[in-house]
Amino acid sequence: MSTTLPSFFDPARAGDWSYRPDIAGLRAAAEDWRGEIKTVEGTRTDLLLIDLQRDFCLPEGALYVGGRSGRGAVEDTARIAAFIHRNLGALSRIVPTFDTHTPLQIFHRSFWADADGRSPAPFTVITEEMLAGGTLRPSPGVLALLPSDVATEGWVERQLLHYVRSLARQGRNALIVWPDHCLIGSEGHAMPGLVQEAWLFHALLRGAPTPVIIKGDDPWSESYSAFAPEVPDRWDGGRLVQPQDDAALLELLRADRIVVAGQAASHCVRWSVDDLLDRMRALDPALPRRVYVLRDCMSAVVGLDGEGRPVPALDFTPQAEEAFARWAELGVHIVESGQPMAEWPR
């Protein structure tokens with residue numbers, strides 16, 4: 001672990017939407033630092049960064065994760081970047097996931113219309129009763145998303161009822177209409193500058209690969225997890241959503257340690273870690289001991305009222321806390337980013 005942080009690192013830029021790394025300057029700094037970093041041999045450590053994107057990490061973002069303090073993701077961003085810089089020699093790979101969307105997806109407003117043809121408001125919870133009663137219906141453009149073998153009258157309506165029923169049956173989150181977020185090609189889809197800077201500096205310094213995991217681009221299902229959609233199947237027994245590429249997950253499982261940070265602890269981190277652990281336990285019940293969750297590098301989704309107080313119905317902190325406790329029981333190490341990695345439990 002390095003006790004010296006690069007001179008270009010400025011944690012005060014963690015909440016700055018306009019901040020962009022100086023690539024040429026990073027390359028020059030990497031050349032200067034190369035002889036100063038002692039790499040850890042014999043142990044492969046992968047850092048999994050889940051959905052560290054501007055729309056989640058910055059106050060101007062479409063779905064900013066402020067936590068109960070209102071500063072959650074901004075402070076997390078500063079700690080994550082500092083963690084990378086302090087552990088440049090220990091981190092073998094940094095693997096970011098990118099929530100990747102278009103407007104016409106099941107959780108966005110353009111997918112839906114009411115009886116007057118208007119889109120529902122953000123944060124509308126879509127229930128089975130609303131669909132069965134015709135309060136909401138798919139917008140006309142949704143038909144263009146159907147494969148040719150299922151373009152039959154009433155098929156979409158049956159699929160959507162199947163979807164919300166499947167979520168309830170599996171104990172997943174209810175279907176919510178989120179504000180348009182992480183639209184591919186938008187500024188909100190990109191990393192916050194401070195994290196991107198640390199990610200690139202590690203790659204330039206170590207000559208390390210820079211794999212990425214794209215998630216959430218299928219129009220027919222939410223994908224909180226980086227490794228599986230919420231509901232992939234059709235009401236008639238077929239499969240509608242394309243399966244996630246297992247290659248990235250299988251490559252992660254080759255690591256000796258998998259360190260996890262990202263947003264939000266109550267949603268995409270929670271479901272991604274759950275799926276990762278399920279796959280690990282299917283192979284070997286002891287494998288979850290390879291996972292280290294940076295508890296202070298993620299925040300829960302919390303809705304705040306006009307005076308900055310958490311709204312109980314929109315405070316998902318308990319779900320995040322439950323996940324931490326459940327993971328610990330499975331052998332996962334819940335650690336803090338400021339603790340030297342050499343002191344982490346083995």
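Scroll up to find the structure.
Quick summary incoming for the structure in this document.

Conventions we followed
- Residues numbered from 1 in each chain as written.
- Predicted model: local features only at pLDDT ≥ 70, side-chain atom pairs only at ≥ 80, totals over all residues.
- Heavy atoms only, no water.
- Pairing = 2+ DSSP bridges.
- Helix = DSSP H or I, 4+ residues; strand = E, 2+ residues; numbered from the N terminus.
- Axes fitted to C-alpha atoms, helices over the stretch in contact; angles between N-to-C directions.
- Buried < 20%, exposed > 50% of the residue type's maximum accessible area, 1.4 Å probe, protein only.
- Parallel < 35°, antiparallel > 145°, perpendicular 65-115°, else oblique.
- Left-handed = near helix turned anticlockwise from the far one by under 90°.
- Contact = heavy atoms within 4.5 Å.
- Nonpolar A, V, L, I, M, F, W, Y, C, P; charged D, E, K, R; others polar.
- Core = buried A, V, L, I, M, F, W, Y, C linked by side-chain atoms within 4.5 Å.
- Phe/Tyr/Trp six-rings, centres within 6.5 Å; stacked < 30°, edge-to-face > 60°.
- Lys NZ or Arg CZ within 6 Å of the ring centre and 35° of its normal.
- Salt bridge = Lys/Arg side-chain N within 4 Å of Asp/Glu carboxyl O.

**Considerations on the sheet that holds strand β2 (residues 93-99)**
Strand order in the open sheet made by the six strands is β7-β2-β1-β8-β9-β12, with parallel pairing throughout. This sheet does not close on itself; its edge strands, each paired only once, are β7 (213-215) and β12 (333-335). Pairs of neighbouring strands in the sheet enclose a mean axial angle of 20°, with direction left out of account. Bridge count between β2 and β7: three bridges; the pairing is parallel. Bridge assignment links F98 to a residue of β7, and that residue is I214.

**Notes on the pairing of strand β8 (residues 257-262)**
Most of β8 is tucked away, with six of its six residues classed as buried. Along β8, one buried face is formed by R257, V259 and A261 and the opposite face, lined by I258, V260 and G262, is buried too. Bridge analysis of strand β1 (residues 45-50) against β8 gives six bridges, and the strand direction is parallel. Note that in β8 the partner of L47 across the bridge is V259.

**Things to note about the packing of helix α3 (residues 72-86) against helix α6 (residues 193-206)**
In contact at an axis separation of 9 Å, α3 and α6 are set at 10° when each is read in the N-to-C sense. Taken together, the axes of α3 and α6 lie roughly parallel to each other. Relative to α6, the crossing made by α3 is left-handed. Taking contact as the criterion, the partners of T77, A78, I80, A81, I84 and H85 in α3 are, on α6, L194, V195, A198, F201 and H202. Of the residues contributing to the contact of α3 with α6, the split by class is eight nonpolar, three polar and no charged.

**A short note on the nonpolar core**
Taken as a class, soluble globular proteins show a tendency for nonpolar side chains to be buried jointly. One finds L49, I84, W112, W220, V260 and W327 to be the most contacted residues of the largest nonpolar core, which totals 102 residues. Here this core takes eight residues from α3, the largest share from any one element. Beyond its immediate stretch of four places on either side in the chain, L49 contacts I80, I84, I94, V95, P96, T97, V195 and A261.

**Examining the packing of aromatic side chains**
For the structure shown, the criterion picks out 10 aromatic pairs. Each ring, one from W33 and one from F201, has its centre 5.8 Å from the other, and the planes form 80°; the classification is edge-to-face. Here W33, found in helix α1 (residues 23-33), pairs with F201, found in helix α6; they are 168 residues apart in sequence, far enough to count as distant. Its relative accessible area of 0% is what places F201 among the buried residues. A centroid spacing of 5.0 Å and a plane angle of 20° characterise the contact between Y292 and W344, whose relative ring orientation is stacked. Of this pair, Y292 sits in strand β9 (residues 291-294) while W344 sits in the segment after β12, and the two are 52 residues apart along the sequence. Side by side, Y292 and W344 carry an identical accessibility label, which is buried. Here a set of aromatic residues connected by ring pairs shows up, and it is made of F111, W112, W155, W220 and W235. A cation over an aromatic ring shows up here: R54 above the ring of W17, its NZ or CZ 5.7 Å from the ring centre. Cation over ring: R270 sits above W271, and NZ or CZ is 4.6 Å from the ring centre.

**Section: the pattern of salt bridges**
Summed over all chains, the structure comprises 20 salt bridges. The closest approach of N and O atoms between R254 and E251, which form a salt bridge, is 3.5 Å. You can call R254 exposed: its relative accessible area is 59%. By sharing partners, the salt bridges in this structure join R44, D46, R93, E251 and R254 into a single network.

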